[in-house]
Amino acid sequence: MPWTKVYIDKADFEGTLAKEGLRGVSYKDAIREAQLQLLEKDDRVFLMGEGIDDPGGIFGTTVGLAEKFGKNRIMDIPIAENGLTGVAIGAAIAGMRPIFIHMRMDFLPMCMDQIINHAAKWNYMTGGHVNVPLVIRSIIGRGWGSAAQHSQALHALFTHIPGLKVVMPSTPYDAKGLLIAAVEDGNPVMFIEHRWIYDYVGYVPEDMYTVPIGKGIIRKTGKDATIVALSQMVYETMKAAKTLEAGGIDVEIIDPRSLKPLDEELILDSVKKTGRLVIADVACKTGGVGAEIACRVAESAYQYLKAPVKRVNFPDAPTPCSPVLEDAYYPDHKDIENAIRELL
Amino acid sequence: MTDIPAYVLIDLLRKMLFIRRFEEKIVDVYSEQDMKTPVHLCIGEEAIAVGVCANLNRDDYIFTTHRSHGHCLAKGMDPKQLLAEFYGRKTGYCKGKGGSMHPASVEHNVLGTSAIVGGGIPIAVGTALASWMKKDNRVSVTFFGDGATEEGTFHESMNFASLKRLPVVFVCENNFYATNSPISARQPHDNIAKKAEGYGMPGIQIDGNDVIQVYRTAKEVIQVARNGGGPTLIECRTYRWKGHVGTDYDYEKGCRPRQELEEWMNKCPINSYKDYLIESGIISNTEFQAMISEIDSALQCAITFAKESPFPDISELLKDVYFERK
């Protein structure tokens, strides 16, 4: 199916999808299109973020929207992340549908009080009387010496908090569908993007559609091992799968898409079939999403495991600047291949 | 005060008295240890909640704090459901999930309460932003203490509200203590109202124990906010008689000087106002006594209702973690 397929690069896409006459859209344009259609459809939707209406337009995802919808609905804001998160919560409970956009995920730690103590708890504390329909978009950076404060992936922190939903789309199709689903969901949703996949192209229908939050997807079926890959690691895993296939190893690739709620059943079913599990994440190892997935498998499917669970992560260290250190820091398809070979 | 109708003057007294007796009722029953929620009593500070809320419509929003009881009652919330909430009963405003620190009533536009210092301030600015966007003519009021003015959220909220000229009123109840820390240990100046100047917003310092002064000031700035004139900060100077949390006087623990409390008790917002109304012939002493009896019997009913209400079913534990579309 075209919407489940991952295209590693433009050439790959042009070689297959375009031939079938299907529309190809980049990840960033899919996000822009979702927002544009939401803004057109629903007066309550508005976007807010630092520099949201500048010429760069949040790496292209908001370009032209201020001209079309005005600066009240595409709102540039003061550099006050925590306070403005509270403002977004207030607007949400008073009937609006804000999307708060952060150019870097590293800015979210400044909003933790309002996200964790307020947005996440509000529906429960009010006995279910006041929900918070708030979407917080954030983008993981990587490379070009971005270093320790402009390249973090902090999704695991948010999965720990009851009341939050966390999604991490890897394809343009899912980016559009999950963003629309997030805005319609009615809960605070952390929508986490990856800068490195912004130009990747995939099939994206023109009409509005949703991808259900909490449902993962099998990117490739296989029988020898399961790889659960998050965000940009889906692409590294696809590359690894090709190499492994040439060597006679047939892996199954699962893209959970949502981390909270997590599609546990999809992962367990795959592990029950393959007996081997590698989790490839775009973040540091300790206390990460990989640990949670490994634990769920240990709790519910340990008897099916034929080998230890492996994780492919960043080391437990801040991101360095030097290109040499940066190269050593980030795992890629070769690390995934090695992890699989160690299990077989 | 001839410009304020007698029924309003009497209502201000009744509401302050109601809050006072409500809090005192909690003091009476708290030692039974059935009300399992930390209570932050507002005895001594009643004039602020009452003077401000008397100028609000039902559809205006208020945001209170961990010291929430007075604001909720002043906005018209039902003492029965409030007390049921404090007793953790399913008939409470939040089905027993919030307690004393997190009251909410959509019908009264109390859309939830944060017990994190300064936490509710930006949320009030957010409801004001929604009103500004929807042009719905509503005003948002955020109540907070002096400690909150040290938080980043206060400054971020003042800046943004002034920038967009949002219909929000910031009401600081300066009782000079954050838990047990005096303001002199926490702020370089004894002037919270002046902080507004840096944000291009009017800041007004008033006697928070003078209900008429609160009423008049609030009336004016709420009107300004409603008419698109932007936000105002009001610093209401007052004193909390009881300790930060619980039902005791905290001078017994050495937290604050007893003499200071006694000085402020002499400036009781209710006593002097009641005397004034009696001297002016607006109410008689008999009517005042009747008012107390009426309030006390209503509160006794509310306590009985709360205590006799059922607890939530255990199945409620995992409900409402997430909103589910019906």
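Residues numbered from 1 in each chain as written. Chains lettered and ligands numbered in written order. Predicted model: local features only at pLDDT ≥ 70, side-chain atom pairs only at ≥ 80, totals over all residues.

Colleague: Outline the overall build of chain A, listing residues and values.
Modeller: What chain A contains, in helices and strands, is 12 helices and 14 strands. Taken over the C-alpha trace, chain A has a radius of gyration of 20 Å; the compact-globule value for 344 residues is 20 Å, and the two agree within 12%. Its C-alpha atoms give chain A principal-axis dimensions of roughly 55 × 50 × 40 Å. Expressed as a percentage of its 344 residues, the buried residues of chain A come to 56%. Summarising the internal contacts of chain A: among those between residues at least 6 apart in sequence, 81% fall at separations of at least 24. (Helix = DSSP H or I, 4+ residues; strand = E, 2+ residues; numbered from the N terminus. Rg over C-alpha atoms; globule rule 2.2 N^0.38 Å. Buried ≥ 20, exposed ≤ 12 C-beta atoms within 10 Å, placed from the backbone. Contact = placed C-beta atoms within 7 Å.)

Colleague: Give me the overall build of chain B: which residues, what numbers.
Modeller: From N to C terminus, chain B includes 10 helices and 7 strands. Its C-alpha atoms give chain B a radius of gyration of 19 Å, near enough to 20 Å, the size a compact globule of 326 residues would have. Judged by the C-alpha coordinates and their principal axes, chain B covers about 55 × 50 × 40 Å.

Colleague: For the sheet that holds strand β13 (residues 277–284) of chain A, give the residues involved together with the corresponding values.
Modeller: All names here are of chain A. Spatially, β9-β11-β10-β13-β14 is the arrangement adopted by the 5 strands of the open sheet, whose pairing is mixed. Here the strands that pair on one side only, and so sit at the sheet edges, are β9 (217–220) and β14 (310–314). In this sheet, adjacent strand axes meet at a mean angle of 25° when their direction is disregarded. As paired elements, β9 and strand β11 (residues 251–255) share 3 bridges and run antiparallel to each other. In the sheet register, Ile217 faces β11, and the bridge partner there is Asp255. Against the sheet, helix α12 (residues 333–343) engages β10 (225–229), β11, β13 and β14, with an angle of about 160° to β14. (Pairing = 2+ DSSP bridges. Axes fitted to C-alpha atoms, helices over the stretch in contact; angles between N-to-C directions.)

Colleague: Got a sec to walk through the domain arrangement of chain A? Specific residues and values, please.
Modeller: Residue and element names in this part refer to chain A. When its domains are assigned, chain A resolves into domain 1 (10–203) and domain 2 (217–343). Relative to domain 2, the C-alpha centre of domain 1 lies at a distance of 25 Å. Tallying the contact residues gives 23 residues for domain 1 and 22 residues for domain 2. Only α6 (155–159), β6 (165–167) and α7 (172–185) provide two or more residues apiece to the side of domain 1 that touches domain 2. A breakdown of the residues in the side of domain 1 that touches domain 2 according to their chemical character gives 13 nonpolar, 8 polar and 2 charged. (Domains from an automatic or database assignment. Nonpolar A, V, L, I, M, F, W, Y, C, P; charged D, E, K, R; others polar.)

Colleague: Outline the interface of chain B and chain A, listing residues and values.
Modeller: Facing the 36 residues of chain B at the interface are 34 residues of chain A. Elements that contribute at least two residues to the side of chain B that touches chain A include exactly α5 (121–134) and α6 (152–164) of chain B. Here the element with the most residues in the side of chain B that touches chain A is α5(B); it accounts for 10 residues. Residues belonging to the side of chain B that touches chain A are distributed by class as follows: 18 nonpolar, 12 polar and 6 charged.

Colleague: Describe in detail the nonpolar core, supporting the description with residues and values.
Modeller: Counting residues in hydrophobic clusters, the biggest one holds 193 residues, and the most contacted among them are A:Ala182, A:Phe191, A:Val278, B:Val125, B:Val169 and B:Val171. Leave out the neighbours within four places in its chain, and B:Val171 touches B:Ile48, B:Val52, B:Val141, B:Thr142, B:Phe143, B:Ile234 and B:Cys236. (Core = buried A, V, L, I, M, F, W, Y, C linked by C-beta atoms within 7 Å.)

Colleague: So, helix α2 (residues 46–53) of chain B: which residues are in play, and what are the values?
Modeller: By the criterion of burial, α2(B) is predominantly enclosed, with 8 of the 8 residues buried. Taken together, the buried positions of α2(B) are B:Glu46, B:Ala47, B:Ile48, B:Ala49, B:Val50, B:Gly51, B:Val52 and B:Cys53.

Colleague: Now, about the sheet that holds β6(A): what can you tell me, with residues and values included?
Modeller: Paired through backbone hydrogen bonds, the strands of a sheet run either parallel or antiparallel to each other. Residues and elements named next belong to chain A. The sheet built from 7 strands is open, its strands ordered β3-β2-β4-β5-β7-β6-β12 with mixed pairing. Among the strands making up the open sheet, the edge pair consists of β3 (74–76) and β12 (258–260). Taken over all neighbouring pairs, the strand axes of this sheet differ in orientation by 20° on average, direction set aside. In this sheet, β3 lies alongside strand β2 (residues 45–49) in parallel orientation, the contact comprising 3 bridges. Its bridge partner being in β3, Gly49 is matched across the sheet by Asp76.

Colleague: Any chance you could break down the environment of B:Gly120 for me, citing the residues and the numbers?
Modeller: Residue and element names in this part refer to chain B. Looking at the element boundaries, Gly120 is found in the loop between α4 (79–86) and α5. Overall, Gly120 belongs to the buried group, with 30 C-beta atoms counted inside 10 Å. In this structure the C-alpha to C-alpha distance between Gly120 and Lys135, which are 15 residues apart in sequence, comes to 22 Å. Ignoring anything within four residues of it in the chain, the contact list for Gly120 reads Phe63, Thr65, Thr113, Ser114, Thr142 and Phe144.

Colleague: Please set out the packing of helix α4 (residues 81–93) of chain A against α6(B) residue by residue, giving values where relevant.
Modeller: It is the contact of α4(A) with α6(B), at a shortest axis distance of 8 Å, that shows an interaxial angle of 65°. Put simply, α4(A) runs roughly perpendicular to α6(B). Relative to α6(B), the crossing made by α4(A) is right-handed. Residues A:Asn82, A:Gly83, A:Leu84, A:Gly86 and A:Val87 of α4(A) pack against B:Gly152, B:Thr153, B:Glu156, B:Ser157 and B:Phe160 of α6(B). Each residue belonging to the contact of α4(A) with α6(B) can be placed in one class, and the counts come to 3 nonpolar, 6 polar and 1 charged. (Parallel < 35°, antiparallel > 145°, perpendicular 65-115°, else oblique. Left-handed = near helix turned anticlockwise from the far one by under 90°.)

Colleague: Hey, could you go over the pairing of strand β3 (residues 168–174) of chain B for me, with residue numbers and the actual values?
Modeller: Residue and element names in this part refer to chain B. In terms of burial, β3 is largely enclosed, as 7 of its 7 residues are buried. Handedness of the crossover joining strand β2 (residues 140–145) and β3 through α6: right-handed. In this structure, β3 lies alongside strand β7 (residues 232–237), joined through 6 bridges in parallel fashion. From the neighbouring strand, Val169 faces β7, where its bridge partner is Thr232. (Right-handed = clockwise from strand over helix to strand, strands pointing away.)

Colleague: Pulling in residues and values, what's your account of the packing of helix α1 (residues 6–30) of chain B against α2(B)?
Modeller: Residues and elements named next belong to chain B. The geometry of α1 relative to α2 is characterised by a closest axis approach of 9 Å and an angle of 135° between their N-to-C directions. Considering the angle they form, α1 stands oblique to α2. The element α1 and its partner α2 pack so that their crossing is right-handed. Where α1 abuts α2, its residues Leu12, Lys15, Met16, Ile19 and Arg20 lie against Glu46, Ala47, Ala49, Val50 and Gly51. Looking at the contact of α1 with α2, its residues break down into 6 nonpolar, 1 polar and 3 charged.

Colleague: Just give me the short version of the environment of B:Leu9, but keep the residues and values in it.
Modeller: Residue placement: B:Leu9 occurs in helix α1. Expressed as a C-alpha distance, the spacing of B:Leu9 and B:Asn175, which sit 166 residues apart in the sequence, is 25 Å.

Colleague: Provide a residue-level description of the environment of B:Val125, including the pertinent values.
Modeller: All names here are of chain B. Following the sequence through the fold, Val125 ends up in helix α5. A residue is classified by how many C-beta atoms lie within 10 Å of it, and Val125, with 31 of them, is buried. Placed 33 residues apart in sequence, Val125 and Met158 show a C-alpha to C-alpha distance of 8.5 Å.

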